[in-house]
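# What the coordinates show
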Amino acid sequence: MKSDEYGWVEHWGMRFKWTPEHLTPEELQPLKHTYDTVATDAVERLEEILSSSCTNNLPREDGDTPPVENKPRRDLYELVQKHAATDEKIGRLWTEVNTVPDWVDWEQIERGQKVFYRYGGAAITALTFLSLLGGMGSGRTVETLDRTGGFGADVVRRRLLETTQHTLNVTRDLPSIQPGGDGAGFADSVRVRLLHATVRRRIQRMAAADPAYYSVAAYGAPVSDLDCIGTINAFSAAVVWMGLPRQGILLRAQEAADYLALWRWVAHVMGAPHGWMATPASARRMMESLLVAEIRPTAASARLANNIIAGLERQPPTYASAAFLRAQAHWLNGRELAGALGVPRPGLFYFALVLGQCLLFVAVSYVNRNVAYLDERNIKLVRKALYKVLLYDKSKGGLGYTTRFNFKYLPSFDRPTTKRGAAQPPPPGSGAPRKNQLGRIERTALVSLLTFATFAGASAWCLVSVARWLVS
């Protein structure tokens, strides 16, 4: 598509009107080579401080908990807090994340947090299958993810749950995301920012040592400004105008504005460009511009997308089959993109189950949001359930620990790419169904589908009966 061809276009199943206000691939190109220098400078200084005080005292690269209790803490977030007052570059980062811009409206951000839990099931589904799995369609960005190893089939489920921790913490409540306290969402956002800077520095160093390992000219800086815009977009605008509508849910205009305001604040804390989120209209244009410029799947995209499915297959808490997971990938991303990602197309039965799940989400969401008492009650229940099932209770498939986003998925010359892997067996004694049985989430979707089909059939019979009575 040429930059001066305006009008209605369709990209990856999304139809929209291309205007002069949209950003062309050429206009987005410079953002591939710029990145968060504030966090990068802070990480460099932390490395210098730690290396001068004690060797081998950098943040652990293989886990979240030090093996020896008397070793100094290696949480970069805590180290930033410790040295912010005495070091200029570290202090600059700390000042930036604690400075609240004029556009921040805390009441609006709190409403945006409630939007996430109001549509909890549909929102989590959108983030998993559209934002994360579908996001693998950005072949250029995948070049960085492919080298970390964090999306191998044997570790991707844990990786997704760690991302879920960040998402749930930034949406938990207002104190969780505000600076100046002990907010978990705020701390997680800063930690992820520092992790991005650490990953970028390592890959840049490796590329300098061996240019064949990673091409900065072709792919841009690892975790560039454009990559960060794409990530924030995947968790915000893409959910509002793609993920939820494809499940039958349309946000009200105020809800969309509130949810975007929340993620604009998160983008600020994470050091990502966020001016494009100033209005819902500009946020939508960026989403559409990224569809045109960035969604170009590669072989690596297909490997990582299928590893997500393999990592979730028959695992708690949903115990979903591969076929149902693939059906959701096709439903949320469309046949064209799912096909380009190499996701096999399942049978119609599994698409019917996805329809049943969507009908359940629609019914619960629309009923609750229109009754204030039910809405508040639903938000509290969904928040509590998601934390318990996805984070706290390891026996039910939760993460089981609090990650500090340490640098544990390590790029290596010995592993230049992530291989496509096979599904892992469910945990022993987890109560997983047999391979030929429906998983828990599939049974729920089937019951929903049959319930709605019965209701529709009964309603049609009643209408026909009334019509016959009126004409008799």
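Look above for the structure.
Below or above, wherever it landed, is the structure these notes cover. Only a predicted model underlies this, so the values are computations on that prediction, with no experimental measurement involved.

Conventions and cut-offs
- Residues numbered from 1 in each chain as written.
- Predicted model: local features only at pLDDT ≥ 70, side-chain atom pairs only at ≥ 80, totals over all residues.
- Heavy atoms only, no water.
- Helix = DSSP H or I, 4+ residues; strand = E, 2+ residues; numbered from the N terminus.
- Rg over C-alpha atoms; globule rule 2.2 N^0.38 Å.
- Buried < 20%, exposed > 50% of the residue type's maximum accessible area, 1.4 Å probe, protein only.
- Areas by Shrake-Rupley, 256 points an atom, 1.4 Å probe, with all protein chains shown as cover.
- Lys, Arg positive; Asp, Glu negative; His and termini not counted.
- Charge placed at Lys NZ, Arg CZ, Asp CG, Glu CD.
- Polar contact = N/O pair within 3.5 Å; in protein donor to acceptor, adjacent residues only side chain to side chain.
- Contact = heavy atoms within 4.5 Å.
- Patch = residues over 30% accessible without salt bridge, like charges linked within 9 Å, V, L, I, M, F, W, Y side chains within 5 Å.
- Salt bridge = Lys/Arg side-chain N within 4 Å of Asp/Glu carboxyl O.
- Pairing = 2+ DSSP bridges.
- 1 Å grid on protein atoms, 1.4 Å probe; cavity = no way out; pocket = protein on both sides within 12 Å on 5 of 7 lines; lining within 4 Å.
- Points joined across faces, edges and corners; volume = space filled by probe spheres on them.
- Nonpolar A, V, L, I, M, F, W, Y, C, P; charged D, E, K, R; others polar.
- Expected span 1.5 Å × (residues − 1).
- Bend = angle between axes of the 7 residues up to and from the residue.
- Axes fitted to C-alpha atoms, helices over the stretch in contact; angles between N-to-C directions.
- Parallel < 35°, antiparallel > 145°, perpendicular 65-115°, else oblique.
- Left-handed = near helix turned anticlockwise from the far one by under 90°.

## Description of the overall build of the protein chain
If you tally the helices and strands in the protein chain, you get 20 helices and two strands. What you see for the protein chain is a C-alpha radius of gyration of 23 Å, in line with the 23 Å of a compact globule of 472 residues. Dimensions of the protein chain, computed from the C-alpha atoms along their principal axes, are close to 95 × 60 × 45 Å. Looking at the protein chain residue by residue over its 472 residues, the buried ones come to 54%. Entry remark: accessible area of the protein chain is about 21600 Å², with carbon and sulfur atoms responsible for 57%. Where the 56 positive side-chain charges of the protein chain centre and where its 45 negative ones centre are 8 Å apart.

## Remarks on the side chain of His268
Looking at where His268 falls in the secondary structure, it is placed in helix α14 (residues 253-269). Polar contacts involving the side chain of His268 include one to the main-chain carbonyl oxygen of Glu96, which spans 3.3 Å. Beyond its immediate sequence surroundings of up to four residues, His268 is in contact with Glu96, Thr99, Pro101, Trp103, Arg193 and His274.

## Quick notes on a nonpolar patch on the surface
Taken together, Val466, Trp469, Leu470 and Val471 make up a surface patch of nonpolar side chains, about 500 Å² in accessible area. Within the fold, Val466 resides in helix α20 (residues 440-471).

## A few points about the pairing of strand β2 (residues 14-18)
Two strands pair when backbone bridges link them, and strand β1 (residues 7-11) and β2 are joined in this way by five bridges, in the antiparallel orientation. Note that in β2 the partner of Val9 across the bridge is Phe16. Taken together, β1 and the strand that follows it, β2, pair antiparallel across an intervening segment of two residues, in which Trp12 is found at a positive phi of about 50°.

## Observations regarding empty space enclosed by the protein
The full count for this structure, using the stated rule, is two cavities of 30 Å³ or more. Considered as a void within the structure, the second largest cavity measures approximately 40 Å³ in volume. Contributing to the lining of the second largest cavity are His196, Cys228, Thr231, Ile232, Met270 and Ala272. In terms of residue count, the dominant contributor to the lining of the second largest cavity is helix α12 (residues 225-235) (three residues). Taken together, the residues that form the lining of the second largest cavity break down as four nonpolar, two polar and no charged.

## Brief notes about helix α17 (residues 322-340)
Here α17 spans only 18 Å end to end across 19 residues, well under the 27 Å set by a 1.5 Å rise per residue. Of all the bends in α17, the largest measures some 120° and sits at Gly334. Every buried residue of α17 is accounted for by Ala322, Ala323, Phe324, Leu325, Ala327, Gln328, Ala329, His330, Leu332, Asn333, Leu337 and Ala338. As for α17, its buried residues are in contact with α6 (120-133), α13 (237-243), α16 (299-312), α18 (348-369) and α20.

## A look at unusual backbone geometry
Omega for the bond connecting Pro316 with Pro317 falls within 30 degrees of zero, at 10°, which places this linkage in the cis form. Residue placement: Pro317 occurs in the loop between α16 and α17. In this model, Trp12 sits at a positive phi of 50°, which is unusual for a non-glycine residue. Checked against the element boundaries, Trp12 lands in the loop between β1 and β2. Despite not being glycine, Phe405 has its phi angle at roughly 55°, a positive value. Looking at where Phe405 falls in the secondary structure, it is placed in the loop between α19 (372-392) and α20.

## Some words on the packing of helix α4 (residues 88-98) against helix α10 (residues 184-209)
Between α4 and α10, the shortest axis-to-axis distance is 12 Å and the interhelical angle comes to 140°. The orientation of α4 with respect to α10, classified from their angle, is oblique. Along this stretch, α4 crosses α10, giving a crossing that reads as right-handed. Touching Leu93, Trp94, Glu96, Val97 and Asn98 of α4 are Phe186, Val190, Arg193 and Leu194, all from α10. A per-class count over the contact of α4 with α10 returns six nonpolar, one polar and two charged.

## Side note on the packing of helix α3 (residues 76-83) against α10
Two elements in contact, α3 and α10, have axes separated by 9 Å at closest approach and are oriented at 100°. As the angle between them shows, α3 and α10 are arranged roughly perpendicular. For the pair formed by α3 and α10, the contact residues are Leu76, Tyr77 and Val80 on the first element and Phe186, Ala187, Val190, Arg191, Leu194 and Thr198 on the second. Each residue belonging to the contact of α3 with α10 can be placed in one class, and the counts come to seven nonpolar, one polar and one charged.

## Observations concerning the layout of surface pockets
Looking at the largest pocket, its volume works out to about 1200 Å³. Lining the largest pocket are 43 residues, and of these Gly121, Ile124, Thr318, Leu386 and Ile441 sit closest to its centre. Those elements that place two or more of their residues in the lining of the largest pocket are α5 (106-118), α6, α8 (156-171), α17, α18, α19 and α20. With nine residues, the top contributor of residues to the lining of the largest pocket is α6. Classifying every residue of the lining of the largest pocket by side-chain character gives 25 nonpolar, 15 polar and three charged.

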